[in-house]
Structure formats: C-alpha cells, structure tokens
Amino acid sequence: MGKKVTVVGAGFYGSTTAQRLAEYDIFDEVVLTDIVEGKPEGIALDMNQSRTIEGFETKVVGATTDADGGGYDKTAGSDVIVITAGLPRKPGMSRMDLLEVNAKIVRGVTENLVKHSPNAVIIVVSNPLDEMTALAQLASGFPKNRVLGQAGMLDTARFTNFVAEELQVPVASVTTLTLGSHGDTMVPVPSQSSVDGKPLADLLPADKVEELVTKTRNGGAEIVALLKTGSAYYAPSAAAARMAKAVAEDSGAVLPVCAWVDGEYGISGVYLGVNAEIGAEGVKKVVETPLTEGELANLKEAAEAVRAKQADVADL
C-alpha cells in the first residue's frame, strides 16, 4: 500500500479500469477524473460502497476536471497515471480517424497531470494508441521509459482467446504473442505461440493460423460493429490495470506493451509494440523475442508505418 494511481476518463473503459485497480487492493487511493461534472464523484461514491462486499480498502476519489487545470490537484503525487480520455471508435471508423480530436485531448490532460505528478509512470490507452503514446511523451517531457502504451497485452489476449476457442482448450493452456502496432500493422507471432508447450503450427494448419491472426487484427473492429455505440472495455481495462499493477509492485513482469525501441530488432527511434520488462520506472528494458524472418520483416514494416504517423503528432 502507499501507492496512488490516477485514471483519466470515467467512461466505460476508465471506470472499469478504476474498479479493477481498486479491487486489487494494492493502492491507498485510486483517483478517477472526467470533464463531465459530478460523474467521477458519483462513480467513486458507488465504488467505495462496494468495499465491504468485495473486501478491499483502497479508497476511490472522483475529480471533475477542466481544460484550464481545475480539479487536477486531486491527482497530485500519483505513482501511475492511466490515460483513457478521448472519443471511442464508431462503426466504420479506423483508429486513425480519431487522431486529431484525441490528440488535443491527450495533450491537454497530460500537461495538466504532470504538473502535479512529475514522477509518475504514464500508461496510455487512448486511440490511435501508438501515436497517442508518442504524443503523451512529448507533452509530458518525461523520459521515454516512463511513458508506455497498452496494446500488445490486449491483442495477445484476443489471440489467446481465439486459439483456445478454436482448439476447445482452457485459455490457461495457451501462450500467444502479438507485437507491432495496435492497428493494421499488428504483428501476431505464431512462432512464439503454443498450447501446453506444443507449437501452434503442430496443432493447426497454416491457413487456420492465418485466419486467427486476421481475426485478432480485426478484434476491436468486430466489437465496435456489434456494440454500435461504443468500443471494447472489459478486456482493454484488464490489460491496462495489469500494467499499472506491474508498475506499482515493481514486479519486473515481461509484458507486450507499446514501448520506445532504440536498437532492438534493428529498429530505433519509435514507439512500437514489443515485449518489455515492467517496473517502478516504467519500462526497465525491451526484451527481444526470437522471431522468424517473416515476423521480423513484418515488425520492421510496422515500425516504419507508425514512425511516419508518430512524427505527425508533434504538431498536434
């Protein structure tokens, strides 16, 4: 205990993340902020009343904030900040369609947050993820290891789930991995995927593996199309909360995240989905995973695609 985490954005994603973090019972305080007056305070009151039922002591604090910095004083001294603020996708929208509108939101909240929590680790989940992670680092002025994005954990969870469903096995028996960008240049890694230690390629034909890879890449869009008025938040919030937990506990857990890559895989100077060791300072190190020639080529292609887009956010 003794740790403090702030979750920015009290929509479905943010509020569910705050609930998961509170129920971990490893923080003294979870602060939930939003620009909708009264919303975060109401959600916090509701969550606090669940403490005796679920058996956790973490206090949830709601704070209405504004673009001029009002309300952000309640976030002061946060060890971890999770930024979920921004518009969600609608059916037919790509993550990149959200770039300009969410860039303004993410820049504004980041600048206000770091005034009160200069030593925090920032976890970005706003879309388009890779670009918003790069923007948050620029806006904060933090060292690049202290700003990371949530993408690979979610995409890997989707890949794992699809494999488990296809083979009718427990999800706990499946290991998968996705790297690259959170979008069209996502790079699922079948060569590092297995079931009970058996290579996925020994259990499924190549065309079926490719089908599951495609399904993983389109996993978010499938949910958006079904919901019609929102996007996924149960699995995404689980991923973001687990990342925040790894930071708070300085666990050293190796997780697939969006991190600054500087020489690993022969790639430099870009935020990209990779395996990384996570601790109190954010990314302790990028962990290079053995890849096939094709997977490495796809990862380098993804790096160049997101590099061009990340260069554009500096002016947003």
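Rules behind the numbers
- Residues numbered from 1 in each chain as written.
- Predicted model: local features only at pLDDT ≥ 70, side-chain atom pairs only at ≥ 80, totals over all residues.
- Heavy atoms only, no water.
- 1 Å grid on protein atoms, 1.4 Å probe; cavity = no way out; pocket = protein on both sides within 12 Å on 5 of 7 lines; lining within 4 Å.
- Points joined across faces, edges and corners; volume = space filled by probe spheres on them.
- Helix = DSSP H or I, 4+ residues; strand = E, 2+ residues; numbered from the N terminus.
- Buried < 20%, exposed > 50% of the residue type's maximum accessible area, 1.4 Å probe, protein only.
- Arc of directions from axis to C-beta.
- Contact = heavy atoms within 4.5 Å.
- Pairing = 2+ DSSP bridges.

Caption draft 1: Quick look at the layout of surface pockets. Looking at the largest pocket, its volume works out to about 1100 Å³. Looking at the largest pocket, it is lined by 46 residues, and the ones nearest its centre are Thr 84, Ala 85, Gly 86, Leu 87 and Pro 88. At the level of secondary structure, the elements contributing two or more residues to the lining of the largest pocket comprise helix H1 (12-24), strand E2 (29-34), helix H4 (99-116), helix H6 (152-167) and helix H9 (219-227). Top element by residues in the lining of the largest pocket is H4. It accounts for six residues.

Caption draft 2: Region of interest: helix H2 (residues 39-48). Among the residues of H2, those classed as buried are Pro 40, Ile 43, Ala 44, Met 47 and Asn 48. Buried residues of H2, viewed axially, fall in a sector of 130°; they line one side. More than 90 degrees from the buried face of H2, the exposed residues found are Leu 45 and Asp 46. In this fold, the buried residues of H2 make contact with H1, E2, helix H3 (51-54) and strand E3 (59-64).

Caption draft 3: The arrangement of the pairing of strand E5 (residues 121-124) in detail. Burial along E5 is two-sided: the face carrying Val 121 and Ile 123 and the face carrying Ile 122 and Val 124 are both buried. Both strand E4 (residues 80-83) and E5 contribute to a ladder of four bridges, which runs parallel. The residue bridging Ile 83 from the neighbouring strand is Val 124, located in E5. Of the pairings in the sheet, the one linking E5 to strand E6 (residues 147-149) comprises three bridges and is parallel in character.

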